[in-house]
Amino acid sequence: MKLTDVIADMILDMFDEDTSTVQIQRNDLAAQLGCVPSQINYVITSRFTPEQGYRIESRRGGGGCIMITRAASKENAIVSLINSIGSSIEEKNAKAHIYNLNYQGLVSDKAGQMMLAVISDNNFRGLPPQVKDTVRASQLKQMLLAYID
């Protein structure tokens, strides 16, 4: 298992059903894992993004800490992602969002597989790239909306 996965899993384990916000001492966590603090930053900025339903606050002074707050519900997290997609999205970015949703347990394996099939470039042969990305964004948003209804 990669160190980034270990860090992400450790942070996710800090959340429970009653806790929507966790406080992390970056240096303490890095020392505990035997890594540099920048690796903790990397995981937080890449795996705990607003698109994935998280809000990050950094507090300075007194040792400093990082507060990670997750969306109150699955629906809020998915709506945050929908709002972040914009008018077009490339296939690799759409796939990354779907993988992240599945990793976080926000969409089932089967739903994730179906979404991946729909947004595949194979479905858009002959279309200009900008048109592909615009249609893909619209389809992804509609699938996500349908998933939360």
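Everything numeric in this text was worked out from a predicted model, so none of it was measured.

Novice: What's the story with the packing of aromatic side chains in this structure? I'm lost.
Specialist: Aromatic rings in a pair are described by how distant their centres are and how their planes are angled relative to each other. Inspection of the entire model under this criterion finds two aromatic pairs. Considering the side-chain rings of Phe15 and Tyr54, the 6.0 Å spacing of their centres and the 50° angle between planes classify their relative orientation as tilted. Taken as a pair, Phe15 in the loop between α1 (3–14) and β1 (21–24) and Tyr54 in strand β2 (residues 54–59) lie far apart in primary sequence, 39 residues in all. Accessibility assignment for this pair places Phe15 and Tyr54 in one class, buried.

Novice: Where do I start with the packing of helix α4 (residues 74–85) against helix α7 (residues 129–148) in this structure?
Specialist: How two helices sit against one another is set out by the angle between their axes and by the gap between those axes. In contact at an axis separation of 10 Å, α4 and α7 are set at 165° when each is read in the N-to-C sense. In terms of their interaxial angle, α4 and α7 are classed as roughly antiparallel. Remark: the crossing between α4 and α7 carries left-handed chirality. Of the residues in α7, those in contact with Lys74, Glu75, Ile78, Val79, Leu81, Ile82 and Ile85 of α4 are Ala137, Leu140, Lys141, Leu144, Leu145, Tyr147 and Ile148. Split by residue class, the contact of α4 with α7 holds 11 nonpolar, no polar and three charged.

Novice: I'm lost on the pairing of β1 in this one. Help?
Specialist: The two faces of the sheet receive side chains in turn, since in a regular strand these alternate between them. The side-chain alternation of β1 yields one buried face, formed by Val22 and Ile24, and one unburied face, formed by Thr21 and Gln23. Note: β1 against strand β3 (residues 65–70), four bridges, orientation antiparallel. Bridge assignment links Ile24 to a residue of β3, and that residue is Ile66.

Calculation rules
- Residues numbered from 1 in each chain as written.
- Predicted model: local features only at pLDDT ≥ 70, side-chain atom pairs only at ≥ 80, totals over all residues.
- Heavy atoms only, no water.
- Phe/Tyr/Trp six-rings, centres within 6.5 Å; stacked < 30°, edge-to-face > 60°.
- Helix = DSSP H or I, 4+ residues; strand = E, 2+ residues; numbered from the N terminus.
- Buried < 20%, exposed > 50% of the residue type's maximum accessible area, 1.4 Å probe, protein only.
- Axes fitted to C-alpha atoms, helices over the stretch in contact; angles between N-to-C directions.
- Parallel < 35°, antiparallel > 145°, perpendicular 65-115°, else oblique.
- Left-handed = near helix turned anticlockwise from the far one by under 90°.
- Contact = heavy atoms within 4.5 Å.
- Nonpolar A, V, L, I, M, F, W, Y, C, P; charged D, E, K, R; others polar.
- Pairing = 2+ DSSP bridges.

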